[in-house]
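# Remarks on the overall topology
Here is how the chains run, residue by residue.
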Amino acid sequence: MDDDMDLDALLAQAAATPAALSSALTARILDDARAVQPGLPFSALPSHPRPYLLRAWISEFVAGLGGGPALAGLSLAAATGLFLGVADPTALQSLTLLIAGETTEVAQMDLLPATDILWTEN
Amino acid sequence: MPRDPLDEVSDETLLALYADGNAVAARLLTQRVAPRVFGYATRLLADRAEAEDVTQEAMMRLWRIAPQWRAGEAQISTWLYRVVTNLCTDLKRASRRRPGVALDDAPEVAATSASAVSTLMQADRMTALQRALDQLPERQRQAVVLRHIEGLTNPQIAQIMDLGVEAVESLTARGKRALAALLAGRKADLGYDDDADEREAV
């Protein structure tokens, strides 16, 4: 496009081309209007969800935490903390006795906590 | 068909009537302002479904603010343009973080009495314009659409975009120059050579 006249004509054409509002969208808007109209006994919640906006808000929330990798790290840390909190610490008894000087020989040392409790029913 | 007396009242009065529980006011106000809101959102997002969501959300915010609306402080249309601008900015920011989102849905062209070829040409021009608009930086696109398609004044745009009038003038001018450059190679494709020939013949 070489001159402004053509661009102006194109923009004017766009301005004169109305965007058609679908009847479904009009219905959604009017349902919302009825739902929150003051003094009317309707639910305050919108009757139609807006999936794209919901996805945007979730994306903003995840980004606020530092993105997907940060969320994965946070989840792993939470799961590890839960495991360490629930697992039986008796497996460290031999290390405790060694440090306390109550024994001088340790044949076998398992530094991981016992997981038996996780598989026990009731 | 008898005219509805509410057809004559201002947007602001319709919003006040809605806040007072008038059932017809919401329909009339939706008919008046929602197509402009939707058109603007479609130009910014180039995705019909997302533009519909933004339109619904902007209108919902209008319904919710209706009881607190202070007459004379702002125009409803300007307020809505500002809400849509912010919603679209948030949505664009979020979609940049989502891979593989297709943004290729120009607004539909309303049927006219022109010939089929002319209608197709018009649709091609609108699609080309939309694609060029999509390539502009976000703030330039907002300014160009508000100034040259929505027909707002620079002070109104400054209010909507939270900028000074001079910044708006600069954004609009740079956006229009960039738009012309993006469309420069497509003059013949879009039938502007034919139009020039017709003008010369006349």
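All figures in this text were calculated on a predicted structure; none of them were measured in a lab. (Residues numbered from 1 in each chain as written. Chains lettered and ligands numbered in written order. Predicted model: local features only at pLDDT ≥ 70, side-chain atom pairs only at ≥ 80, totals over all residues. Heavy atoms only, no water.)

## Considering the overall build of chain B
From N to C terminus, chain B includes nine helices and zero strands. The buried share of chain B, taken over its 202 residues, is 48%. Look at the contacts in chain B between residues 6 or more apart in sequence, and 63% of them connect residues 24 or more apart. Of the roughly 9,800 Å² that chain B leaves accessible, carbon and sulfur atoms contribute 50%. (Helix = DSSP H or I, 4+ residues; strand = E, 2+ residues; numbered from the N terminus. Buried < 20%, exposed > 50% of the residue type's maximum accessible area, 1.4 Å probe, protein only. Contact = heavy atoms within 4.5 Å. Areas by Shrake-Rupley, 256 points an atom, 1.4 Å probe, with all protein chains shown as cover.)

## Here's the deal with the packing of aromatic side chains
Residue and element names in this part refer to chain B. Using the criterion set out here, one finds three aromatic pairs over all chains in the structure. Summarising the aromatic geometry, the rings of Tyr18 and Trp63 are spaced 4.8 Å apart at their centres and angled 45° between planes, so their arrangement reads as tilted. Of this pair, Tyr18 sits in helix α1 (residues 11–19) while Trp63 sits in helix α3 (residues 48–65); the two residues are 45 residues apart in sequence, bridging distant segments of the chain. The class of Trp63 is buried, set by a relative accessible area of 1%. Measuring from ring centre to ring centre gives 5.7 Å for Trp69 and Trp79, while their planes differ by 85°; the resulting arrangement is edge-to-face. Residue Trp69 is found in the loop between α3 and α4 (76–97), and its partner Trp79 is found in helix α4; the two are separated by ten residues along the sequence. When sorted by exposure, Trp69 lands in the same class as Trp79, which is buried. (Phe/Tyr/Trp six-rings, centres within 6.5 Å; stacked < 30°, edge-to-face > 60°.)

## A short note on unusual backbone geometry
All names here are of chain B. Unusually for a residue other than glycine, Ala46 sits at a positive phi of about 55°. Considering the arrangement of structural elements, one finds Ala46 in the loop between α2 (23–45) and α3. The phi torsion at Asp162 lies on the positive side, around 60°, for a residue other than glycine. Along the chain, the position of Asp162 falls in the loop between α7 (154–161) and α8 (165–183).

## Quick notes on the nonpolar core
Tyr18(B), Leu62(B), Trp63(B), Leu80(B), Leu129(B) and Leu179(B) are the most contacted members of the largest nonpolar core, which has 65 residues in total. With residues near it in sequence (within four places) discarded, Tyr18(B) still touches Ala33(A), Val36(A), Gln37(A), Pro38(A), Ala25(B), Ala26(B), Trp63(B) and Ala66(B). (Core = buried A, V, L, I, M, F, W, Y, C linked by side-chain atoms within 4.5 Å.)

## Observations concerning the confidence of the model for chain A
For any part of a model where pLDDT is low, the fine detail of the predicted coordinates should not be relied upon. Model confidence for chain A is summarised by a mean pLDDT of 75, while 57% of its residues fall at 70 or above. When the criterion is pLDDT under 50, residues 42–46 of chain A qualifies, and its contacts beyond four places in sequence or with other chains add up to eleven contacts. (pLDDT = per-residue confidence, 0-100.)

## As for the pattern of salt bridges
Scanning the entire structure with this criterion turns up ten salt bridges over all chains. Between Glu52(B) and Arg48(B) there is a salt bridge, with the nearest N and O atoms lying 4.0 Å from each other. Linking Glu52(B) with Arg48(B), this pair stays in helix α3, spanning four residues, or about one helical turn. We classify Glu52(B) as buried; its relative accessible area is 13%. Overall, the relative accessible area of 17% leaves Arg48(B) in the buried class. Residues Glu73(B) and Arg70(B) are paired through a salt bridge, measuring 3.5 Å at the closest nitrogen-oxygen approach. Judged by relative accessible area, Glu73(B) falls into the exposed class, the value being 53%. Salt bridges linked by common partners bring Arg28(A), Arg48(B), Glu52(B) and Asp53(B) together as one network. (Salt bridge = Lys/Arg side-chain N within 4 Å of Asp/Glu carboxyl O.)

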